[in-house]
Amino acid sequence: MDKKREIWQEKTIGSEQIFQGHIISLQVDTVALPDGKSAKRELVKHPGAAAVMALLDGKLLVVEQFRKPLERNQIEIPAGKLDADEDPMEAAARELEEETGYRAKSLKLLSAFYTSPGFADEKLYLYVATELEAGEANPDEDEDLLVEAITLEQAESYMAEGRISDAKTILSVYAWKLYASTGSF
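The present account deals with the structure reproduced in this document. (Residues numbered from 1 in each chain as written. Predicted model: local features only at pLDDT ≥ 70, side-chain atom pairs only at ≥ 80, totals over all residues. Heavy atoms only, no water.)

1. Description of the pairing of strand E5 (residues 59-67)
As defined by bridge partners, strand E4 (residues 49-56) adjoins E5 across 2 bridges and the pair is classed as antiparallel. By the bridge assignment, Leu 56 is partnered in E5 with Lys 59. Following E4, the chain reverses through 2 residues before pairing antiparallel with E5; Asp 57 in that reversal takes a positive phi of roughly 50°. Where E5 lies against strand E10 (residues 146-150), 5 bridges are found, and the strand directions are antiparallel. Pairing of Val 62 across the sheet is with Glu 148, part of E10. Relative to strand E6 (residues 72-76), E5 is paired through 5 bridges, and the arrangement is antiparallel. From the neighbouring strand, Arg 67 faces E6, where its bridge partner is Arg 72. From the end of E5 to the start of E6, which pair antiparallel, there are 4 residues, and Glu 71 there has a positive phi angle of about 60°. (Pairing = 2+ DSSP bridges. Helix = DSSP H or I, 4+ residues; strand = E, 2+ residues; numbered from the N terminus.)

Structural data, given as structure tokens:
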């Protein structure tokens, strides 16, 4: 079994950065394949992100915003990229407060996962936030957000309509549904 795993490895033999942006960078790597041939791999490098499934009085806090890649509005849980050397839990707390105005007395890591490992290294940390206290939202200058607390039924309806269609929010809705039926995550 270990011998088979070895053949799956691709050794990087060259790398060229083709774009450095504010959030992501793009590079093209040349890799040596197990059969001796080489191939190109286009990679998106991302600092990682934190997202928050915030539960308030039996409802889920979400934000609606325009998403340029989709050319439409999306309803999502609060989330944002990690700053350099930032602890994911601190980022989750920061994003929750910035986007919704709420602070959580309790934050618990639900899961951490790679969003699109076929071409990107973005790792997203998903937290559950409870015991929320209202405060004042302070979104980024370029963020125009509508905050809403929705029921599980609304979340499922939004998913069916395509208004919720991102992986982190869909995962959160299913985790919330499991929690509602079992009492634990």
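2. Overview of helix H3 (residues 152-161)
When H3 is considered as a whole, its buried residues turn out to be Leu 152, Ala 155, Tyr 158 and Met 159. Burial along H3 is one-sided: seen end-on, the buried residues are contained in an arc of 120°. In H3, those exposed residues whose orientation departs by more than 90 degrees from the buried face are Glu 153, Ala 160 and Glu 161. Those residues of H3 that are buried are in contact with E6, E10 and helix H4 (167-182). Gly 162 occupies a position one or two residues after H3 and carries a positive phi of about 85°. (Buried < 20%, exposed > 50% of the residue type's maximum accessible area, 1.4 Å probe, protein only. Arc of directions from axis to C-beta. Contact = heavy atoms within 4.5 Å.)

3. Section: the pattern of salt bridges
Scanning the model with the defined rule gives 16 salt bridges in all. With a shortest N-O distance of 2.9 Å, Glu 76 and Lys 168 are connected by a salt bridge. With Glu 76 in strand E6 and Lys 168 in helix H4, the pair connects residues that are 92 residues apart, well separated along the chain. On the basis of relative accessibility, which here comes to 4%, the residue Glu 76 falls in the buried class. Note that Asp 83 is salt-bridged to Lys 81, the shortest N-O span being 3.7 Å. The exposure class of Asp 83 is partly exposed, given its relative accessible area of 37%. Each of Lys 81, Asp 83, Glu 86, Arg 94, Glu 95 and Glu 98 takes part in a single network of salt bridges with overlapping partners. (Salt bridge = Lys/Arg side-chain N within 4 Å of Asp/Glu carboxyl O.)

4. Here we look at the packing of H3 against H4
To characterise two packed helices, one gives the angle between the axes of the helices and the distance between these axes. Where H3 contacts H4, the two axes come as close as 11 Å, and the packing angle between them is 145°. You can see that H3 and H4 cross each other, and the crossing is left-handed. Two secondary-structure elements touch here, H3 through Leu 152, Ala 155, Glu 156 and Met 159 and H4 through Ile 170, Val 173, Tyr 174, Trp 176, Lys 177 and Ala 180. Grouping the amino acids of the contact of H3 with H4 by side-chain chemistry returns 8 nonpolar, no polar and 2 charged. (Axes fitted to C-alpha atoms, helices over the stretch in contact; angles between N-to-C directions. Left-handed = near helix turned anticlockwise from the far one by under 90°. Nonpolar A, V, L, I, M, F, W, Y, C, P; charged D, E, K, R; others polar.)

5. As for the environment of Met 159
Structurally, Met 159 can be placed in helix H3. Once the C-alpha coordinates of Met 159 and Ile 75 are considered, the two residues, 84 residues apart in sequence, prove to be 9.2 Å apart. Once residues lying within four places of it in the same chain are set aside, the contact partners of Met 159 are Ile 164, Ile 170, Val 173 and Tyr 174.

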